[in-house]
Amino acid sequence: MDVFEREQAFSDKFDCSFPYRNLGEAAALIEEARSISANAAFCVLYQIACPPSSAEISRETQQELLTMWVDSAASPLAASIVIFARHVFNGGVVTTEEALALMHQVAAADGQYAALAVVSHLAYEGLEGDEFDMIDILEQQIRTQWHEAPAA
């Protein structure tokens, strides 16, 4: 099984059923993700940063999960994305320029689709109208760039 298949199988394990209220299970998923790939780790971060409304996760629990995640993160992108996430979690205003700059930083890490999803999702917080379009356009450009990049 290649890395992409492992990432997909891993993500399928908790899709729509992330253990927000069981920190032990959440920690185990964080560690398992780290053993697979940076992209798998960002899949977990996506669940933490963008829970479904049905999860009814408190900001305190979300912050605790975020801390658990960053403490085991190995990606150079982790620190910047976590700072961005904490800012959004705390009700901070996200400027379009900040969001686009972070998306460009993620773009340099070829194939980090889950990291890009985290940033673009969080970027929507506090943005309006045309700003959504700018985020969407850049996200699509990055995905196209990664898809068209020659295999190493």
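Above this text you will find the structure in question.
Residues numbered from 1 in each chain as written. Predicted model: local features only at pLDDT ≥ 70, side-chain atom pairs only at ≥ 80, totals over all residues. Heavy atoms only, no water.

## A short note on the overall build of the chain
Here is step 1: Of the regular secondary structure elements, the chain holds eight helices and zero strands.
Here is step 2: Tracing the chain from N to C terminus, the helices and strands come up as α-α-α-α-α-α-α-α.
Here is step 3: Judged by the C-alpha coordinates and their principal axes, the chain covers about 40 × 40 × 25 Å.
Here is step 4: Pairs at least 24 residues apart make up 67% of the contacts formed inside the chain by residues separated by at least 6 positions.
Here is step 5: In the structure as shown, the chain presents an accessible area of about 8100 Å², 53% of it carried by carbon and sulfur atoms.
Here is step 6: Mean positive and mean negative side-chain charge positions of the chain (7 and 23 charges, respectively) differ by 9 Å. (Helix = DSSP H or I, 4+ residues; strand = E, 2+ residues; numbered from the N terminus. Contact = heavy atoms within 4.5 Å. Areas by Shrake-Rupley, 256 points an atom, 1.4 Å probe, with all protein chains shown as cover. Lys, Arg positive; Asp, Glu negative; His and termini not counted. Charge placed at Lys NZ, Arg CZ, Asp CG, Glu CD.)

## A few points about the side chain of Ser120
Here is step 1: The topology assignment puts Ser120 in helix α7 (residues 113-123).
Here is step 2: In terms of polar contacts, Ser120 uses its side chain to reach the side chain of Glu139, at 3.1 Å.
Here is step 3: Each residue touching Ser120, except ones within four places of it in the same chain, is listed here: Met103, Ile135 and Glu139. (Polar contact = N/O pair within 3.5 Å; in protein donor to acceptor, adjacent residues only side chain to side chain.)

## Topic: the packing of aromatic side chains
Aromatic rings considered in pairs are described by the distance between their centres and by the relative angle of their planes.
Here is step 1: This model, assessed by the stated rule, comprises six aromatic pairs.
Here is step 2: An angle of 50° between the planes, with centres 5.2 Å apart, marks the rings of Phe42 and Trp69 as tilted. With a gap of 27 residues between them, Phe42 in helix α3 (residues 38-49) and Trp69 in helix α4 (residues 59-72) connect regions that are remote in the sequence.
Here is step 3: For Phe42, a relative accessible area of 0% translates into the label buried.
Here is step 4: A network of ring pairs unites the aromatic residues Phe10, Phe14, Phe18 and Tyr20 as a single cluster. (Phe/Tyr/Trp six-rings, centres within 6.5 Å; stacked < 30°, edge-to-face > 60°. Buried < 20%, exposed > 50% of the residue type's maximum accessible area, 1.4 Å probe, protein only.)

## Quick notes on helix α5 (residues 78-89)
Residue pairs spaced three or four apart in an α-helix point in one direction, given the helix's 3.6 residues per turn.
Here is step 1: Over its 12 residues, α5 extends 16 Å from the first C-alpha to the last, a length consistent with the 16 Å expected when each residue adds 1.5 Å.
Here is step 2: All of the buried residues along α5 are Ala78, Ile81, Val82, Phe84, Ala85, Val88 and Phe89. Projected onto a plane normal to the axis of α5, the buried residues spread over an arc of 160° and lie on a single side.
Here is step 3: Those residues of α5 hidden inside the fold are in contact with α3, α4, α6 (96-107) and α7.
Here is step 4: Just downstream of α5 lies Gly91, where phi reads positive at about 80°. (Expected span 1.5 Å × (residues − 1). Arc of directions from axis to C-beta.)

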